Every structure is written in structure tokens, then in C-alpha cells.
Amino acid sequence: MTTRAGIKAERISKALDGLPVLDDVSLDVEPSQVHALIGLNGAGKTTLMRILLGMLKPDRGSVMLAGSPVSGAGALPWSRVGQMLETPFAYPELSARENVYSSARLHGMDRKTADVSTGHALAALGLDQYAAKRTGTLSLGNRQRVGLAAALVHAPNVIVLDEPTNSLDPRGVLVLRRLLRDACRDRRAAVLVSSHHLDEVARMADRISVLHRGRIIGTLLPGTADLERRFFDLVLESDVQGQEQ
Ligand SMILES: Nc1ncnc2c1ncn2[C@@H]1O[C@H](COP(=O)(O)OP(=O)(O)OP(=O)(O)O)[C@@H](O)[C@H]1O
């Protein structure tokens, strides 16, 4: 299996506590695309993202990430990856600036470049006035913005964000959408975002994959009308098929 960039997951299965959570999931997140993963609570989105990022080992299947098998990826591929899963990257006792700068350095940027990039990332996420504040004292939405700044500061080519708009206000959602679009256009980034919000996803994504009960049950076209109805049609169809088997 070869891929030059992006994420390619093939036939991933995983059980947790003896229960199947992912069943034969394949997913291609291509360069220059925002790929959305949608599914109901408990569908397996976070588990899949953890496997894609090498945080959890699949029982079966394989993942290529930024051109390398995720199981043996060295520092170079990881320096090209930006991610935010569940809790945003943020040491509460450090300032917003220190958190974002740390992420830049951990992803291999030299001090000067990290310093400049940190300034840009904070400004892009509207965090200038909070830069010196301890992250633990910030509002939930602003902590999420710090997490996003930390995920994007090093201009990654592969971006994985788990429910990145959860605590964002409408302006934050617009900002994130623009940043992800810019990343796709300017550096051919491959972007995977999970979400429950179909309307947001429809405006942000080029492709939408639907995960239900640990299986990819179909895709949706972002531009089509009645996205919500189509989503529930897919879910219902899959549940009916499951009952018949
Ligand atoms: N560490 C764990 N041990 C046992 N079961 C787990 C563990 N983590 C997740 N699960 C189970 O796996 C299933 C999928 O969980 P996951 O968090 O991946 O779903 P999700 O689609 O991200 O859900 P949500 O939208 O609610 O965040 C759930 O049934 C969950 O209870």
C-alpha cells in the first residue's frame, strides 16, 4: 500500500472491552480536501481518529499517514501532522502563547520560526488579547481556539480535528473554515474533521463519510439539499439491514 500524503486507512477493525467498535473501516483522506466524518454519538469517530493517529492499535487493518505506515512513523511524518482530539492541547498553567509555541517547537520548528508562526497562529484564531493569559483561565471556546492554534501553528499537511467546532461561536466557525480552506489550497493539506453538525460540515467539507455503529455506511455530497434527511435515511437503512441479518 503506498500513498504520498494524506491518510489512507484500510480495513480497520477494533474491539474495546470485548465489544466491536470499528468494523472493516476504510477511509481515504486526500490532499487538498476537507473530509468530514459524521456519525451519531458512540458511532466510533474518536476511536477511528485515535487509530489514524497511532494512539490506538487496530486489531486488524493498516494506516498510512503522511506517506508512512503509522505504526512505524518517525519524527519527519509526525512533524507534518496537526491534530486536536477531545481535550485541546493546552497546559492550563502555561499562557496561550506558551502552549502554541511549545507545539511549534515539538513539531520541529526552530526558535525563531516557532516564535513568528506562534504570533501568526494566535492572530489567525483571534487570540491576540489572550496571548499572555494562563490557558486554564480562558473560556471553553478560547481554550478550543488555543488547541486549534496549536494544531495548525506548524502548517501541517495532514490535519485531524475531532469536533473542532464544538465550543466555537459562529465567528470562530468561519475562521476555522477559512484556515482549513487555506491549508488545502496553499499546501495541499489533507484534512479530516468529525462533527455532529451537518450544516457546518456541509459548508466546510469536500467529502462526507458517514460512520454508523462502527461501519462506514455511505457518503454524502456536501452541496446537496436535505443533507439531514439523507443522513437519517442512510442510518435507518443500515439499521434495518442490521436487523434483517
Ligand atoms: N476506552 C474505551 N473502552 C471501552 N469502550 C470504549 C472506549 N472508548 C470508546 N469506547 C466505546 O466505543 C464506542 C465508540 O466511541 P467513540 O468515542 O469512538 O464514538 P464517537 O463517535 O466519537 O462518539 P461521540 O460523538 O459521542 O464523541 C462507544 O460505544 C464507546 O463507549
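Everything numeric here is computed off the predicted structure, so don't read it as measured data. (Residues numbered from 1 in each chain as written. Predicted model: local features only at pLDDT ≥ 70, side-chain atom pairs only at ≥ 80, totals over all residues. Heavy atoms only, no water.)

**Topic: empty space enclosed by the protein**
The line we're drawing: Cavities and pockets were defined on a 1 Å grid built over protein atoms only: a cavity is a set of grid points that admits a 1.4 Å probe from which the probe cannot escape, a pocket is an open set flanked by protein on both sides within 12 Å along at least five of seven lines, and lining residues are those with an atom within 4 Å of any such point. Grid points are joined across faces, edges and corners, and a volume is the space filled by probe spheres set on the points. Helix and strand definitions here come from DSSP, where helices need a minimum of 4 consecutive H or I residues and strands a minimum of 2 consecutive E residues; each element is numbered from the N-terminal end. When residues are grouped by polarity, Ala, Val, Leu, Ile, Met, Phe, Trp, Tyr, Cys and Pro land in nonpolar, Asp, Glu, Lys and Arg in charged, and all others, Gly among them, in polar.
In total, this model carries one cavity of 30 Å³ or more according to the counting rule given. Taken together, Pro164, Thr165, Val193, Ser194, Ser195, Glu200, Val201 and Met204 form the lining of the largest cavity. The set of elements that each furnish at least two residues to the lining of the largest cavity consists of strand 8 (190-195) and helix 7 (198-204). Of the residues that constitute the lining of the largest cavity, the class distribution is four nonpolar, three polar and one charged.

**Things to note about the site of the ligand**
What counts is decided by this rule: Residue proximity to a molecule or strand is established when one non-hydrogen atom of the residue lies within 4 Å of it. In protein, a polar contact requires one atom able to donate a hydrogen and another able to accept it; more generally it is a pair of N or O atoms within 3.5 Å, and residues adjacent in sequence count only if both atoms are side-chain atoms. Computed with a 1.4 Å probe, the accessible areas rest on the Shrake-Rupley method; for each residue, only the protein chains presented here act as cover.
The environment of the ligand is made up of 13 residues, and the closest members are Gly42, Lys45, Thr46, Thr47 and His196. Thr46 places a polar side-chain atom, nitrogen or oxygen, 2.7 Å from an oxygen atom of the ligand. Glu163 has a polar side-chain atom sitting 3.5 Å from an oxygen atom of the ligand. Burial of the ligand by the protein chains amounts to 59% of its free accessible area of 630 Å². In terms of residue count, helix 1 (residues 45-52) provides more of the shell around the ligand than any other element does, three residues in total. Taken together, the residues that form the shell around the ligand break down as four nonpolar, six polar and three charged.

**Regarding the sheet that holds strand 9 (residues 207-212)**
Just so we agree on the cut-off: Only strands that DSSP links by at least two bridges are regarded as paired with each other. Structural elements are reduced to axes, namely lines fitted to C-alpha atoms, with helices fitted over the stretch in contact, and the angle between N-to-C directions of any two is expressed from 0 to 180 degrees. Two residues qualify as a contact provided that any one of their heavy atoms is within 4.5 Å of a heavy atom in the partner residue.
Taken in spatial order, the six strands of this open sheet run 6-7-8-3-9-10, and their pairing is mixed. The strands lining the two open edges of the sheet, one partner per strand, are strand 6 (81-84) and strand 10 (215-220). Taking the axes of each pair of neighbouring strands and ignoring which way they run, one obtains an average angle of 20 degrees across the sheet. Of the strand pairs in this sheet, strand 9 and strand 10 are connected by five bridges, and their pairing is antiparallel. Each residue of the ladder has a partner; that of Leu211, found in strand 10, is Ile216. Set on the sheet, helix 1 makes contact with strand 3 (33-38), strand 7 (158-161), strand 8 and strand 9; between it and strand 8 the angle comes to about 155 degrees. Along the sheet, helix 6 (residues 170-187) contacts strand 3, strand 7 and strand 8; its crossing angle with strand 7, the most-contacted strand, is approximately 160 degrees.

**A closer look at the domain arrangement of the chain**
Stated precisely, the cut-off is as follows: Bear in mind that the domain bounds are from an automatic or database domain assignment. The term buried area denotes the loss of accessible surface (1.4 Å probe radius) that occurs when two parts are joined, taken as the sum for both partners. The term salt bridge refers to a pairing of a side-chain nitrogen on Lys or Arg with a carboxyl oxygen on Asp or Glu at a separation within 4 Å.
Domain annotation for the chain reports domain 1 (1-80 + 158-245) and domain 2 (88-155). Spacing between the C-alpha centres of domain 1 and domain 2 amounts to 25 Å. Facing the 17 residues of domain 1 at the interface are twelve residues of domain 2. Roughly 1,100 Å² is buried in total at the junction of domain 1 and domain 2, and carbon and sulfur atoms are behind 63% of that figure. On the domain 1 side of the contact with domain 2, Ser167, Leu179 and Arg187 bury the most area, a combined 35% of that side's loss. Inspection of the domain 1/domain 2 interface yields one salt bridge. With its nearest N and O atoms 3.1 Å apart, the salt bridge here joins Arg145 to Asp169.

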